[in-house]
Amino acid sequence: MPHALTSRDSTMESRPVGSYEPTRIDVLIVGTGLAGLVAALECVRKGHNVRVLERNSSINTAGDMYFMGLSATRFFKHWPEMKEEYQRISLHNAWIETFKHSGEVIISPKKVADRLRAQGLDPDTPPGEFQMRPLVYKMFVDAVKKLGVSVEFNRRVVDYFEDENSGKGGCETDDGKRYEADVVIAADGVGSKSQKLVGGQVRARPSGRAMWRAAFPIEHLDKNLEVKEFFKLMPNNEPIVRTWLGPSTYALTLTREDVMVWIMNHDITGTEKENWTNTIDAQEVLDGMEKMPGMEKNKWAPIFKELVKVTPPDTIVNFELLWRNPQPSWTSPGARVIQIGDSAHSYLPASGNGATQAIEDAISIASCLQIGGKENVPQSVRTHIRFRFIRNSCAQKLGFSNAELLQDTDWDKVKLDPRRAAPKLPKWVWSHDPEAYAYENYHKAVKSMNKGIGMEDEHSFEPNYPKGYRYEPWTIEKVMEDMRAGRAIDLGAGDWE
């Protein structure tokens with residue numbers, strides 16, 4: 001029988017690797033992004049047998065920064081070495097400052113801890129924090145290596161399949177080799193070949209927007225002492241995030257002891273791609289800043305342009321933002337192949353939620369498989385989806401609302417209430433514990449499914465999305481229609497705050 005935990009065990013106790021009985025469930029993970037790496041770690045910890053396939057010759061640890069929510073880091077209590085490393089690489093005693101794009105200070109520098117206290121939150125357990133992607137990825141990669149997880153590189157998966165009679169899922173690589181397992185976790189990102197098996201590819205829609213992104217050693221600021229002085233660290237070498245909000249654009253910078261990061265949202269220019277290696281010249285950025293809508297009277301602050309100029313060559317990525325309708329299905333008919341992370345639900349960078357939800361997915365599926373045991377893999381997969389589908393639909397929609405806020409700031413309202421310049425990060429997002437939620441509600445969810453109750457009518461346990469919300473399918477087309485008409489995006493009923 002599978003070893004089940006009570007909610008008290010899950011929320012109160014640390015259970016490191018070796019705490020669980022072996023489940024004998026063979027798990028094949030495709031992809032080594034955040035979702036894939038955390039799935040590998042958690043599946044090993046939960047007692048499953050794990051293999052990983054990666055299409056490239058190594059794991060990509062490049063990039064700049066992203067937001068890691070509290071709900072994605074609670075599981076570190078089971079990984080003491082990772083918890084210690086995460087604390088070491090995190091931003092400590094960070095500050096934040098807000099400008100108009102023109103350089104006018106709207107909110108003077110304040111410690112993030114003070115902002116949190118003003119909102120009635122505990123600075124010791126913040127809703128989340130910005131992290132450097134290379135450092136976090138290296139932490140996860142090192143942990144996977146230390147566990148001795150089998151990772152096969154140069155394995156480009158071209159097809160997925162399942163055999164309900166044998167109770168196996170599988171995939172095939174471009175050299176014709178086939179792999180099988182009790183469950184296959186497709187964590188291979190946007191465009192995963194698993195789409196065909198789970199219900200068809202969701203077509204990407206051009207948003208008309210893209211992001212210039214750059215991260216480089218802070219020593220490059222020495223090229224311009226004015227830039228170095230403006231983007232300096234705070235007292236005691238404390239890091240600072242500076243946000244810049246303008247008409248139809250926004251940007252942010254991060255200054256920490258070793259690295260400088262800047263990111264800017266912009267209209268498409270023709271050179272953008274949905275590819276993190278698509279670099280451009282600084283001059284293209286400078287020209288684009290001049291041509292942005294609404295810049296006739298108030299142009300971008302000269303100091304930001306100077307920052308662009310000191311950015312080293314082959315550093316600035318022009319990443320296209322593509323919109324996708326929520327996928328109607330994440331799993332194969334027999335529930336032997338399951339998508340997680342971007343394979344299942346892609347996010348806009350402005351949402352600040354993509355990395356968080358990918359990690360939550362990984363924790364949830366590993367837990368559900370452990371609770372259900374080897375004889376109930378399809379049940380565990382479907383229960384996991386019941387826990388994750390509506391939550392992600394709400395989080396995706398919230399991401400569009402936040403993007404709208406950042407690109408169309410009402411400065412009169414911001415002067416009255418500075419919180420109006422900050423994207424929404426409601427408690428239902430960051431207070432969640434995906435592991436505890438699975439152990440508390442697994443059997444309730446199974447009972448509902450056995451009764452034929454749809455997930456939108458699930459009332460046997462507390463939702464992990466806005467209370468009072470009832471799921472309704474939504475489309476990018478409706479969101480775009482609202483945005484073009486100048487209407488606030490209709491999030492739907494419920495307590496979204």
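Along every chain, residues carry numbers that run from 1 in the direction the sequence is written. Totals for whole chains, interfaces and linings use every residue, but because this is a predicted model, local features are given only for residues with pLDDT of at least 70 and side-chain atom pairs only at 80 or more, for both listing and counting. Note: side-chain values were computed over all heavy atoms of the structure, leaving out hydrogens and water.

Cut-off, in case you're wondering: UniProt positions are given in the numbering used here, feature names are shortened, and annotations may be inferred rather than shown by experiment.
As recorded in an unreviewed UniProt entry, the protein chain goes by FAD/NAD(P)-binding domain-containing protein and comes from Melanomma pulvis-pyrius CBS 109.77. UniProt annotates the protein chain under Cofactor (unreviewed entry) with the comment "FAD".

**Here we look at the domain arrangement of the protein chain**
A common way to report how large an interface is uses the accessible area buried once the components associate. We apply this condition: Domains are outlined according to an automatic or database domain assignment. Residue contacts are counted whenever heavy atoms from the two residues lie within 4.5 Å of one another. For this document, the term salt bridge refers to a Lys or Arg side-chain nitrogen within 4 Å of an Asp or Glu carboxyl oxygen.
Domains assigned within the protein chain are domain 1 (26–92 + 129–204 + 324–484) and domain 2 (205–323). If you average the C-alpha positions of domain 1 and of domain 2, the two centres end up 29 Å apart. Counting residues at the interface gives 27 residues for domain 1 and 26 residues for domain 2. In this structure, the connection of domain 1 to domain 2 is made through three salt bridges.

**Remarks on the packing of helix α2 (residues 34–45) against helix α5 (residues 133–147)**
What counts, and what does not: Note on definitions: angles span 0 to 180 degrees between N-to-C directions of axes, and those axes are lines fitted to C-alpha atoms, for helices only across the stretch in contact. Under the DSSP-based scheme used, a helix requires at least four consecutive residues in state H or I and a strand at least two consecutive residues in state E, with every element numbered from the N terminus. Two helices cross in a left-handed way if the nearer one is turned anticlockwise from the farther one by less than a right angle. They cross in a right-handed way if the turn is clockwise. The nonpolar class holds Ala, Val, Leu, Ile, Met, Phe, Trp, Tyr, Cys and Pro. Asp, Glu, Lys and Arg form the charged class, and all remaining residues, Gly among them, are polar.
Axis separation between α2 and α5 bottoms out at 10 Å; the angle between their running directions is 35 degrees. Crossing geometry of α2 relative to α5 is assigned as left-handed. Across the interface between the two elements, Leu34, Leu37, Val38, Ala40, Leu41 and Val44 of α2 pack against Val136, Tyr137, Phe140, Val141, Ala143, Val144 and Leu147 of α5. Of the residues belonging to the contact of α2 with α5, the class tally is 13 nonpolar, no polar and no charged.

**Focus: the side chain of Asp433**
The test is simple: Any residue under 20% of the maximum accessible area for its type is buried, any over 50% is exposed, and the rest in between are partly exposed; the area is computed with a 1.4 Å probe on protein chains only. Lys and Arg are tallied as positive, Asp and Glu as negative. Neither His nor the chain termini are counted. We define a polar contact as two N or O atoms separated by no more than 3.5 Å, with the added condition that, inside protein, one atom must be a possible hydrogen donor and the other a possible acceptor, whereas residues neighbouring each other in sequence contribute only through side-chain atom pairs.
Mapped onto the elements, Asp433 comes out in the loop between α13 (427–430) and α14 (434–450). There is no salt bridge for the buried Asp433, and the closest opposite charge comes from Lys77, which lies 4.1 Å off by N-O distance. There is a polar contact of 3.1 Å between the side chain of Asp433 and the backbone nitrogen of Glu435.

**Observations concerning the UniProt feature "domain: FAD-dependent oxidoreductase 2 FAD-binding" (unreviewed entry) in the protein chain**
Under the local residue numbering, the UniProt record ascribes the feature "domain: FAD-dependent oxidoreductase 2 FAD-binding" (unreviewed entry) to residues 26–60. A distance of 25 Å separates the end C-alpha atoms of residues 26–60, which is 34% helix and 29% strand.

**Remarks on the pairing of strand β11 (residues 183–186)**
Applied cut-off: The rule for pairing is simple: two strands pair if DSSP sees at least two bridges between them.
Here β11 shows a buried face lined by Val183 and Ile185 and a second buried face lined by Val184 and Ala186. Here four bridges tie strand β1 (residues 26–30) to β11, and the two strands are oriented parallel to one another. Along β11, the bridge assignment pairs Val30 with Ala186. The pairing of β11 with strand β18 (residues 337–339) spans three bridges and is classified as parallel. Counterpart to Val184 in the pairing with β18 is Val337.

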